[in-house]
Amino acid sequence: MSGDHSRDPCPMVIVNDFGGAFAMGAIGGTIWHSVKGFRNSPVGERWQGVKSAVRLRAPTLGGNFGAWGGMFSFFDCTVKAVRKTEDPWNSIISGFLVGGALAVRGGWKHMRNSAIICGFILAGMEGAGIAMSRMMAENPVAPALPEAPLAAA
Amino acid sequence: MLRIKSPYSQCLGGLRRLTGRPFATSRSVGLRQSQAAPSQPGSATFGASLGRFAASARRAATFTFYSALVIGALGFTGVATYYFAQELLLPSSDVQVFQRAFHLIEQDAKSRELLGEKLKAHGEQTNNRWAHNRPIASRRSVDHYGREHVVMQFHVDGEKNTALARLELIDNAGKRDFRYLVLEIPGHGRHYLINETPSKPKGRGLFGIQWGPKKN
């Protein structure tokens, strides 16, 4: 009934993640800036205010989110290829690299601070994800116990 | 009656003289001025004290709400930190066992010969689009000696073949040893890297029991 919801393999998944993050940023930005535009406009001009605020600001937010998500996925694939294993450390290292990469314009100090903060945020998110899955008792597939040892063929 | 004119009442009185009609809220000016009059329903001071009570009740409610929010968020941060440390930092966690086992597989010459040179390890496929890593399947149990058993499986991909790696690790109060670490390769059977599974001795006599006096 439900289609194939699994992730694409690594190079193609960067496009997917960029698109997903852009969509989230654009839709979230639309909602946020429409409320802001509505509230900051005089009565009678409210609809105009909403339209102009959304037109001006929402694409920027979408682009920012998309840049973050696309870069994160890019670094995630890179780290997976370098480390050759898949574990939660990949996300944390990718977050660290994204934080640094998106702050390049600010110089070394800003890059370092931004990288550390982003790494910590992702570590917190990984911990929260593990906590949520533990609390909702979603066990990944438990391994079947092997039968009696067979001789190698 | 003492007539203390506050600036407020003076303004009101002035406006009243200007417009020539009393306001809806104006009461007898003398009663409003008197500080000693008790608060009774229908008098202005009762309304003022009710307003002060409402304001302080609102302040208390917002303070309680925000305090609960901050404490709840700190608590959740603590829980997330605990699970982070348990899953990623402790040497007995799934991630560390997985890394150790994969390291052993990478160094083993026979595995490299069977699977190819470039090895990659991953867990089980999920249908979750947002999961970045494939989670490792593992099961933990504690036996009656108090040792923890970790049974785990993961997939190892090489150029020539894909294998299923299975392992059991026993955590005996800090000493973590593999009981077995085996690669199951379709078409090549099993390749044991470590095999310390205790086996029952084969009984030779009737019903498996060795009758008679001890031989050795």
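Residues numbered from 1 in each chain as written. Chains lettered and ligands numbered in written order. Predicted model: local features only at pLDDT ≥ 70, side-chain atom pairs only at ≥ 80, totals over all residues. Heavy atoms only, no water.

- Chain B appears in an unreviewed UniProt entry as Mitochondrial import inner membrane translocase subunit Tim21 from Wickerhamiella sorbophila.
- UniProt annotates chain B under Sequence similarities (unreviewed entry) with the comment "Belongs to the TIM21 family." (UniProt positions renumbered as here; feature names shortened; annotations may be inferred.)

- An unreviewed UniProt entry annotates chain A as Mitochondrial import inner membrane translocase subunit TIM17 of Wickerhamiella sorbophila.
- Under the heading Subcellular location (unreviewed entry), UniProt records this for chain A: "Mitochondrion inner membrane".

**Observations concerning the overall build of chain B**
Argument step 1. Per the secondary structure count, chain B includes five helices and six strands.
Argument step 2. Counting from the amino terminus, chain B carries its helices and strands in the arrangement α-α-α-α-α-β-β-β-β-β-β.
Argument step 3. Across the 216 residues in chain B, those meeting the buried criterion constitute 28%.
Argument step 4. Taking contacts inside chain B between residues at least 6 apart in sequence as the whole, the part at least 24 apart equals 42%. (Helix = DSSP H or I, 4+ residues; strand = E, 2+ residues; numbered from the N terminus. Buried < 20%, exposed > 50% of the residue type's maximum accessible area, 1.4 Å probe, protein only. Contact = heavy atoms within 4.5 Å.)

**Some details on the confidence of the model for chain B**
Residues and elements named next belong to chain B.
Argument step 1. Taken residue by residue, chain B gives an average pLDDT of 81. The fraction at 70 or more is 79%.
Argument step 2. No element of chain B has a lower mean pLDDT than helix α2 (residues 29–33), which averages 51, and none a higher one than helix α3 (residues 44–89), which averages 92.
Argument step 3. The ipTM for the predicted assembly is 0.77, set against a pTM of 0.74. (pLDDT = per-residue confidence, 0-100.)

**Observations concerning the interface of chain B and chain A**
Argument step 1. The interface is formed by 44 residues belonging to chain B together with 41 residues belonging to chain A.
Argument step 2. Approximately 3,600 Å² of surface area, both sides summed, lies buried where chain B meets chain A, with 58% of it carried by carbon and sulfur atoms.
Argument step 3. Where chain B touches chain A, the interface holds two salt bridges.
Argument step 4. Between E86 of chain A and R134 of chain B there is a salt bridge, with the nearest N and O atoms lying 2.8 Å from each other.
Argument step 5. Of all the elements in the fold, those that place two or more residues in the side of chain B that touches chain A are α3, α4 (94–107), β1 (120–122), β2 (137–142), β3 (148–157) and β6 (189–195) of chain B.
Argument step 6. Top contributing element to the side of chain B that touches chain A by residue count: α3 of chain B, with nine residues.
Argument step 7. Classifying every residue of the side of chain B that touches chain A gives 21 nonpolar, 14 polar and nine charged. (Buried area = accessible area lost by both parts, 1.4 Å probe. Salt bridge = Lys/Arg side-chain N within 4 Å of Asp/Glu carboxyl O. Nonpolar A, V, L, I, M, F, W, Y, C, P; charged D, E, K, R; others polar.)

**A word on the state of the cysteines**
All names here are of chain A.
Argument step 1. Evaluation of the coordinates by the stated rule reveals one disulfide over all chains.
Argument step 2. Each sulfur in the disulfide pair C10 and C77 lies 2.1 Å from the other. One disulfide, between C10 and C77, carries an S-S torsion of -100° and so falls in the left-handed class. In this pair, C10 sits in helix α1 (residues 10–39) while C77 sits in helix α2 (residues 46–83), placing the two residues 67 residues apart along the sequence.
Argument step 3. Overall, the relative accessible area of 27% leaves C10 in the partly exposed class.
Argument step 4. C118 takes part in no disulfide bond, and the closest cysteine sulfur, belonging to C77, lies 17 Å away. (Disulfide = S-S within 2.5 Å.)

**Here's the deal with the UniProt feature "transmembrane region" (unreviewed entry) in chain B**
Argument step 1. Sequence positions flagged by UniProt for "transmembrane region" (unreviewed entry) are, in local numbering, residues 63–85 of chain B.
Argument step 2. Split by type, residues 63–85 of chain B is 100% helix and 0% strand. Its first and last C-alpha atoms lie 33 Å apart.

**Notes on the domain arrangement of chain B**
Argument step 1. According to the domain assignment, chain B consists of domain 1 (59–89) and domain 2 (94–195).
Argument step 2. Put simply, the middle of domain 1 of chain B and the middle of domain 2 of chain B, counted by C-alpha atoms, are 36 Å apart. (Domains from an automatic or database assignment.)

**A few points about the packing of aromatic side chains**
Pairs of aromatic rings are described using the distance from one ring centre to the other and the angle between the two planes.
Argument step 1. Under the counting rule described, the total for this entry stands at six aromatic pairs over all chains.
Argument step 2. Centroid distance W89 of chain A to F84 of chain B: 6.0 Å. Interplanar angle 70°. Geometry classified as edge-to-face. Residue W89 of chain A is located in helix α3 (residues 88–101), and its partner F84 of chain B is located in helix α3; the two belong to separate chains.
Argument step 3. One residue, R46 of chain A, lies across the ring of F38 of chain A, its end atom 4.8 Å from the ring centre. (Phe/Tyr/Trp six-rings, centres within 6.5 Å; stacked < 30°, edge-to-face > 60°. Lys NZ or Arg CZ within 6 Å of the ring centre and 35° of its normal.)

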